[in-house]
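What follows is each chain in one-letter form.
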2 protein chains.
Amino acid sequence: METDIRRTHTCGDLRVEDCGRDVTLMGWAASVRDHGGRLFLVLRDRYGVTQVTVAPDRAPDLAACVRDLKAESVVLVRGTVVDRGANRNPRLPTGDIEVEAREVVVLNSSKPLPFPIADSVDALEVTRLKYRYLDLRRAPLARNLVTRALATRIAREYLDSQGFLEIETPILLKSTPEGARDFLVPSRVHPGSFYALPQSPQTLKQVLMVAGMDRYYQVARCFRDEDLRADRQPEFTQIDLEMSFATPELVQEVTEGLLVALWRGVLGVEVARPFPRIPYREAMERYGSDRPDLRFGLALETVTDVLAGSSFQVFSGAARSGGAVVALRVPGGGAPVGGGQAGGAGQDWSRKDVDALTTVATDNGARGLVWLKVREDDWQGPAAKFLSAEERGALRARTGAVPGDLLLLVADGRADTARVALGAVRLAVGERLGLRDPGRHAFAWVTDFPMFEWDEAGGRPAAMHHPFTSPVPEDLDFLESDPLRVRARAYDVVLNGVELGGGSIRIHRRDVQQRVFRALGLSEDTAQARFGFLLEALEYGAPPHGGLALGLDRIVMLLCGARSIREVIAFPKTTSAACLMTQSPSEVDAAQLAELHLEVRNP
Amino acid sequence: METDIRRTHTCGDLRVEDCGRDVTLMGWAASVRDHGGRLFLVLRDRYGVTQVTVAPDRAPDLAACVRDLKAESVVLVRGTVVDRGANRNPRLPTGDIEVEAREVVVLNSSKPLPFPIADSVDALEVTRLKYRYLDLRRAPLARNLVTRALATRIAREYLDSQGFLEIETPILLKSTPEGARDFLVPSRVHPGSFYALPQSPQTLKQVLMVAGMDRYYQVARCFRDEDLRADRQPEFTQIDLEMSFATPELVQEVTEGLLVALWRGVLGVEVARPFPRIPYREAMERYGSDRPDLRFGLALETVTDVLAGSSFQVFSGAARSGGAVVALRVPGGGAPVGGGQAGGAGQDWSRKDVDALTTVATDNGARGLVWLKVREDDWQGPAAKFLSAEERGALRARTGAVPGDLLLLVADGRADTARVALGAVRLAVGERLGLRDPGRHAFAWVTDFPMFEWDEAGGRPAAMHHPFTSPVPEDLDFLESDPLRVRARAYDVVLNGVELGGGSIRIHRRDVQQRVFRALGLSEDTAQARFGFLLEALEYGAPPHGGLALGLDRIVMLLCGARSIREVIAFPKTTSAACLMTQSPSEVDAAQLAELHLEVRNP
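All residue numbers here refer to positions counted from 1 along the written sequence of the relevant chain. Labels follow written order: the first chain is A, the first ligand is 1, and so on. Predicted model: local features are reported for residues with pLDDT of at least 70 only, side-chain atom pairs are reported and counted for 80 or more only, and whole-chain, interface and lining totals are derived from all residues. Each side-chain value is worked out from all heavy atoms of the structure, with water and hydrogens disregarded.

S.K.: Would you explain the pattern of salt bridges in this entry?
M.R.: Where side chains of opposite charge bring their charged atoms close, a pairing between them can arise. What counts as a salt bridge is simple: a side-chain nitrogen of Lys or Arg found within 4 Å of a carboxyl oxygen of Asp or Glu. Here the structure, examined in full by the defined rule, presents 112 salt bridges over all chains. The salt bridge involving A:Asp416 is made with A:Arg419; its shortest N-O contact spans 3.5 Å. In this pair, A:Asp416 and A:Arg419 are both assigned in helix α12 (residues 415-432), three residues apart and thus about one turn of the helix distant. The cut-offs for exposure are 20% and 50% of the maximum accessible area for each residue type, with area from a 1.4 Å probe on protein chains only; residues under the lower value are buried, those over the upper are exposed, and the others partly exposed. Of the residues examined, A:Asp416 reaches a relative accessible area of 26% and is grouped as partly exposed. Taking the relative accessible area as the measure of exposure, A:Arg419 reaches 7% and is therefore buried. Among the ionic pairs, B:Asp83 bridges to B:Arg88, the shortest N-O distance being 2.9 Å. By relative accessible area, which is 36% here, B:Asp83 ends up partly exposed. Helix numbers and strand numbers start at the N terminus; a helix is a DSSP run of H or I with at least 4 residues, a strand a run of E with at least 2.

S.K.: What am I meant to see in the packing of helix α14 (residues 510-519) of chain B against helix α15 (residues 524-537) of chain B here?
M.R.: A pair of packed helices is captured by two measures, namely the crossing angle of their axes and the spacing between those axes. All names here are of chain B. For helices, the fitted line uses only the C-alpha atoms of the stretch in contact; every axis is such a line through C-alpha atoms, and the angle between N-to-C directions lies from 0 to 180 degrees. Packing of α14 against α15 brings their axes to within 11 Å, and their N-to-C directions diverge by 150°. Relative to α15, the element α14 lies roughly antiparallel. Crossing hand, α14 versus α15: right-handed. Along its contact with α14, which presents Arg510, Gln513, Gln514, Phe517 and Arg518, the element α15 presents Glu524, Ala527, Gln528, Phe531, Leu535 and Glu536. Each residue gets one label: Ala, Val, Leu, Ile, Met, Phe, Trp, Tyr, Cys and Pro are nonpolar, Asp, Glu, Lys and Arg are charged, and the others, such as Gly, are polar. Residues of the contact of α14 with α15, tallied by class, amount to four nonpolar, three polar and four charged. Note on angle classes: values under 35 degrees are labelled roughly parallel, values over 145 roughly antiparallel, values of 65 to 115 roughly perpendicular, and the remainder oblique. The hand of a helix crossing depends on one turn: near helix anticlockwise from the far one by less than a right angle means left-handed, and clockwise means right-handed. Note on definitions: a residue-residue contact is assigned when non-hydrogen atoms from the two residues lie within 4.5 Å.

S.K.: Looking at this structure, how should I read the pairing of strand β21 (residues 545-551) of chain A?
M.R.: Sheet faces and side chains relate simply in a regular strand, where the side chains alternate between the two faces. Residues and elements named next belong to chain A. A large share of β21 lies buried, amounting to six of its seven residues. By this definition, two strands are paired if DSSP reports at least two bridges between them. Bridge count between strand β10 (residues 235-244) and β21: seven bridges; the pairing is antiparallel. Bridge pairing in β21 links Ser244 to His545. Pairing of strand β20 (residues 498-505) with β21, which is carried by five bridges, proceeds in the antiparallel orientation. Paired with Gly501 across the two strands is Leu550, which belongs to β21.

S.K.: What is the right way to look at the packing of aromatic side chains in this model?
M.R.: Two aromatic rings are characterised by how far apart their centres lie and by the angle between their planes. Note on aromatic pairs: the rings of Phe, Tyr and Trp (six-membered ring only in Trp) are paired at centre separations within 6.5 Å, and the planes decide the class, stacked below 30 degrees, edge-to-face beyond 60, tilted for the rest. Going through the model one piece at a time under the given rule, you end up with 28 aromatic pairs over all chains. When the centroid spacing of 5.2 Å and the interplanar angle of 40° are considered together, the rings of A:Tyr280 and A:Phe449 count as tilted. Within this pair, whereas A:Tyr280 is found in helix α7 (residues 280-287), its partner A:Phe449 is found in the loop between β16 (443-447) and β17 (452-455), the two being separated by 169 residues in sequence. In this structure A:Tyr280 comes out as buried when scored by relative accessible area, which is 9%. Relative accessible area serves as the criterion here: at 1%, A:Phe449 is assigned to the buried category. Pairwise contacts between aromatic rings join A:Tyr131, A:Tyr133 and B:Tyr540 into one cluster. The rule for a charge over a ring is simple: NZ of Lys or CZ of Arg within 6 Å of the ring centre, and within 35 degrees of the ring normal. The ring of A:Phe296 carries A:Arg426 above its face, with NZ or CZ at 4.1 Å from the centroid. Above the plane of the ring of B:Phe478 lies B:Arg485, whose end atom (NZ or CZ) is 3.9 Å from the centre.

S.K.: Just to check I follow, could you spell out the side chain of A:Asp240 for this structure?
M.R.: Residues and elements named next belong to chain A. Relative to the helices and strands, Asp240 is located in strand β10. N or O atoms closer than or at 3.5 Å make up a polar contact, with two conditions inside protein: a donor-capable atom paired with an acceptor-capable one, and, for residues adjacent in sequence, both atoms drawn from side chains. A distance of 2.7 Å separates the side chain of Asp240 from the side chain of Tyr216, its partner in a polar contact. Here the side chain of Asp240 touches Gln238 through a polar contact of 3.4 Å, side chain to side chain. Those residues in contact with Asp240 that lie beyond four places of it in its chain are Pro201, Lys205, Tyr216, Tyr217, Gln218, Ala220, Leu548 and Ala549.

S.K.: Quick question: what am I supposed to make of empty space enclosed by the protein here?
M.R.: Cavities and pockets were defined on a 1 Å grid built from protein atoms only: a cavity is a group of points that admits a 1.4 Å probe but offers it no way out, a pocket is an open group of points flanked by protein on both sides within 12 Å along at least five of seven lines, and a lining residue is one with an atom within 4 Å of any such point. Grid points are joined across faces, edges and corners, and a volume is the space filled by probe spheres set on the points. Inspection of the entire model under this criterion finds 12 cavities of 30 Å³ or more. If you add up the space inside the largest cavity, you get close to 480 Å³. Looking at the lining of the largest cavity, the elements with two or more residues in it are α4 (139-161) and β9 (215-223) of chain A together with α4 (139-161) and β9 (215-223) of chain B. Of the residues assigned to the lining of the largest cavity, the class counts are 15 nonpolar, seven polar and 10 charged.

S.K.: Looking at this model, I keep getting lost on the sheet that holds strand β21 (residues 545-551) of chain B. Mind explaining?
M.R.: Across a sheet, strands are paired by hydrogen bonds formed along the backbone, either parallel or antiparallel in direction. Residues and elements named next belong to chain B. Spatially, β6-β9-β10-β21-β20-β19-β16-β11 is the arrangement adopted by the eight strands of the open sheet, whose pairing is mixed. Only two strands of the sheet have a single partner each, and these edge strands are β6 (165-166) and β11 (277-279). Its contacts with the sheet put helix α5 (residues 202-210) on β9, β10 (235-244) and β21, and the angle it makes with β10 is roughly 25°. Relative to β21, helix α16 (residues 552-560) is tilted by about 50°, and along the sheet it contacts β9, β10, β19 (490-495), β20 (498-505) and β21.

S.K.: Explain the nonpolar core to me, please; I cannot follow it from the model alone.
M.R.: Note on soluble globular proteins: their nonpolar side chains tend to be buried together. Ranked by internal contacts, the top residues of the largest apolar core, which has 42 residues, are B:Leu159, B:Leu259, B:Trp263 and B:Leu550. Among the elements that take part in this core, helix α6 (residues 248-267) of chain B stands out by supplying 10 residues, more than any other. Not counting residues within four places of it along the chain, the set of residues in contact with B:Leu259 comprises B:Phe275, B:Phe443, B:Val493, B:Leu500, B:Leu550 and B:Ile555. Nonpolar cores were defined as sets of buried Ala, Val, Leu, Ile, Met, Phe, Trp, Tyr and Cys residues, with membership established by side-chain atoms within 4.5 Å. Formed by 41 residues, the second largest nonpolar core is a distinct cluster that contains A:Val260, A:Tyr491, A:Leu495 and A:Ile565.

S.K.: Even after reading the chapter, I still don't get the interface of chain B and chain A, so can you show me in this structure?
M.R.: Where interface size is given, it is often the accessible area lost as the parts come together that is meant. Across the boundary between the two partners, chain B contributes 129 residues, which contact 129 residues of chain A. Two parts placed together each lose some accessible area under a 1.4 Å probe, and adding up what both lose gives the buried area. When the two sides are added together, the surface that chain B and chain A hide from each other amounts to roughly 11,500 Å², 57% of it contributed by carbon and sulfur. Summed over the three residues of chain B that lose the most area to chain A, namely B:Glu168, B:Phe245 and B:Tyr540, the buried surface amounts to 7% of that side. The interface formed by chain B and chain A holds 22 salt bridges in total. In this structure, A:Arg188 engages B:Asp227 in a salt bridge whose closest nitrogen and oxygen atoms are separated by 3.2 Å. The interface formed by chain B and chain A contains 65 residue pairs in polar contact (both at pLDDT 80 or more). Among the elements that take part in the side of chain B that touches chain A, α4(B) stands out by supplying eight residues, more than any other.

S.K.: For this particular structure, what's the right way to read helix α9 (residues 313-320) of chain A?
M.R.: Turn by turn, an α-helix covers 3.6 residues, leaving residues three or four places apart pointing in a common direction. Residue and element names in this part refer to chain A. Taken together, the buried positions of α9 are occupied by Phe315, Ser316, Gly317, Ala318 and Ala319. Buried positions along α9 lie against α8 (304-307), β13 (324-330), β14 (370-373) and β15 (406-412). Looking one or two places after α9, you find Gly322, whose phi comes out positive at around 85°.

S.K.: Looking at this structure, I do not really get the side chain of B:Arg506. What am I missing?
M.R.: All names here are of chain B. With respect to the helices, strands and loops of the structure, Arg506 is situated in the loop between β20 and α14. At a separation of 2.7 Å, a polar atom in the side chain of Arg506 contacts the side chain of Glu242. A distance of 3.4 Å separates polar atoms of two side chains, one belonging to Arg506 and the other to His466. Those residues within four positions of Arg506 in sequence are excluded, and the remaining contacts are Gln202, Lys205, Gln206, Leu241, Glu242, His466, Phe468, Ser470, His545, Gly546, Gly547 and Leu548.

S.K.: Is there a simple way to think about the confidence of the model for chain A in this case?
M.R.: Caution is warranted with low-pLDDT regions, since their predicted coordinates should not be read in detail. Residue and element names in this part refer to chain A. Confidence of the predictor at the level of single residues is given by pLDDT, which spans 0 to 100. In the predicted model, chain A carries a mean pLDDT of 94, and 97% of its residues have values of at least 70. In this model, residues 338-344 is a region of pLDDT below 50 whose contacts with residues beyond four sequence positions or in other chains number 17 contacts. Both scores are given for the predicted complex: the pTM is 0.95, the ipTM 0.94.

S.K.: So what exactly am I meant to see when it comes to the relation of the copies chain B and chain A here?
M.R.: The fit set for superposing copies consists of C-alpha atoms from residues with pLDDT of at least 70 in both; the fit itself is least squares. Superposing chain B onto chain A requires a rotation of 180° together with a translation of 0.0 Å along the rotation axis, leaving an RMSD of 0.1 Å. On the angle and the small slide along the axis, the relation comes out as a two-fold axis. Take the interface residues of chain B: 100% of them recur as interface residues in chain A, which is what a same-surface contact looks like.

S.K.: Help me out: how do you make sense of the sheet that holds strand β15 (residues 406-412) of chain B in this one?
M.R.: All names here are of chain B. What the four strands build is an open sheet, ordered β12-β13-β15-β14; its pairing is antiparallel. Looking at which strands have only one partner, the edges of the open sheet turn out to be β12 (301-302) and β14 (370-373). Where β12 meets strand β13 (residues 324-330), two bridges bridge the pair, whose relative direction is antiparallel. Bridging across to β13, Thr302 finds its partner in Val326. Sitting on the sheet, helix α12 (residues 415-432) touches β12, β13 and β15, and the angle it makes with β13 is about 10°.

Rendered as structure tokens:
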């Protein structure tokens, strides 16, 4: 029946200029209303909705068909476009017209739905994931996928315009467990051997630089078999780029251009360039984070020296053991008036408010949060009585606190532990004070990362970015003697407290790469077995090079104002890495496993 | 040292207008020539080559550095652009100028290469694959990757312009073994369960149609764990698209537009539209192939009836057992003059020529090839004496053969076996006669495929395209009674004898899908376990829909004039699915396997 028919327009096309035209529409029956004299069918597709009318007196069969329509059935409508006249709906692009139906054909009927197709539904996420095809019919989710496609297109157009070449790299790769766990793919042809899915195309894009490709990019699928935190996915997409003869500044310029193009193209927002640069050390000291939210100030102050001799053991102990005491000033947060109401600028923060912040601090590694309400004389707070007048004066001078302010302090034997915890408190305070304005776009670069961080579990340095990151040349000499002192030529780009991506200049000399592998505790044999191809490639005229990878899912999430990357991925998995729609992963035939030379071990 | 410097130009940029400019170039030392008084260094990058000169008398240290340069070292050159004057090289875009070096810095030296970087090398493919980064520096291969990026961009731009939405579908999918073998990915979180890598995004793009996405596309990575024939890869890329409310004609129009855009954008060739349509049956009968090369005629003729009563058992036997005798006329192939020379139009084909064709026929399933040289009276060939005058006359009438022609015949108890074999002979003859002109682009659609083909091994019908293909509505009734008679709403697009892609209108009704699963011998339980989500989706307002997938690797190969898809893939695998560069697949740590609840079985 439907063999040869075509729609003449989508459900978002028709305007008042089309009145009088004979049209064929196809779409979903979003709703049917019976206004006695007339039936109204709202037809929906990806492009919009169009109102269809049927006059029961003139076409009783047609009216019966429309009246019986199951919601979300797929329908073909033939009819004439007419002006709605006085009943125009200015909120709808097609609101000036309606289609008087001459023919209605049900192309496919629908069962009753598990949840309605509405902008907002209260169905459980497990239900919505199982019926993802219904959830995706909801306008907010459908719009997210449209925005994702647009963002990806803008990114490609920008990189194309800058001479980058999109090059596909393999998904069936070699397992080089480093950092996260690999997903493995057993080989049938090579018994006992495995491919791994790429955690990123890092080594291959470096090889492409050795191959002379000069500027590479890829919208690359990457995989990590990690225990998923709330908003991670086992597979994710990154905009991955690499440039030969790059400097950090060059990579940053290109990236800024890309992000500016995205924010302009999707949101119509003009982002100022260049983005501010903050060295890692400063970001940690001022914001307790390597991805600071710069939409607001409330910078942390280190007050270790001020409180080193404090009679309050928490402070002096932290100072003695080489740690730090850090302070955050909440302007007006300790105003003398007020009771139990929610905190805010110029409002007293209640005990409950401060308790909530204490929880934030302890959840983020602190042993506690010290609060002080600054007064001319009698400071309030459990620790107030331990502070000498000199200490109070020095604290005020250092933090700029004035009477009526609230001071929040964290002390720890490890300085960065104190900073990270108070950085989290800073975000909570900023949130509470309404300073994290979603309409502001505070991009920044964090630079000068350390090359290594100490891996407690492994008892040795671990790469902070990855082992292919180039050390800062003047720090090369510390690779063996004091690796934690070595800075990397690495940089992250952050927005409003979220890391959008990171990159670095890479090592292009075999000897340096080998020294870094050694610093990471990789034996010569292991390094050769895993990365021999890269080490060898570096000997055949590898150019200096560098690049960056941006998290596409997260960027699109921010562009969409979505709360989770699951809302910008067509078919996301749950936190247990399962697809509720297709029921995967699933068991497979014994024959399939036998062909792969594998046996499942019973736990 | 290289921290802050940037090149001012690439090696392909400089022109005579740049003379006098101070420039910084970076690239690979392609060659150094010492002309006594002057040294010439050819610097190469992705964009071109630039000649650099050094005057040893003026800069002896510089000259020494350049003289010692190892080939393919990475070099920075600072100097001044000068006119080559009388020595201009019109074959090079930069041939009007050269750069007089003031400074040369070796950024990275190169070891001696396993093979030279030249347009044509005779290194073994295993060596070239191991050092893929060197092979990719060769201009022909580098150009292929540039063409691939261009072709992919053109495809995206075209589909974007047609309202298609690029949507990413998961790589970690569900195993639904059907057709080819799946690559499996063991789940760590769900012991004994596996994901599968997609053989195509088929079911998911159908679900996206149910989700109302209307027009979807994806440049999609697909995976098949098959024993690789010469030019297959375990992972490959397809341009995958799907449309709601589609008719075959609509999908074909979009596809033609896409291919026309590709051939115009990459080759500057205007392809005529619409492409000719050939029903599958006719393609088999006329060309012995479902992907006919239409650059030349030489169509096959069925002569079963003519030779049914032949005293030559090969002919009459085939006719008796319900098979066919098919004939191919080679005009002038049996000209009475000539000896052992190579065959050609108007030339006698030697015994050796015909033997070669016989091998082609038997390699393609025939039991032999009968040749007849047509004469007014005494036809030549081993079977000639069995043919009556009437039979000769009827053969001439049917095939249009005239004296001097060569007739090639295949007879078989299965008609299509005879046709496929003679179809292969037809291609060999066309090749020999120079009729397969690479400058011609004979696109065509093959339509009206059978829904099923008989699977000898399984003893039941198998899907000719895939089980989601819609039967032709008027054939639905034969699904149970005579499945092999059911035609599919499927279509392939072919070019010059190569299948570029295929598609179909899909089943959008649960009951029809279930009947097709049943016809394929899939039990209700198996169908539910594997495709339950799709069956269910079809009940919630699935629109009629259809689509197509094009093999990107093969299309780019044809656009590049390459001989293998390995030449248009950055990092291809061998026929044993191994990557010789990274040495994958490889063994993994026992701990990795233990985490995946797996054990390798000893063979």
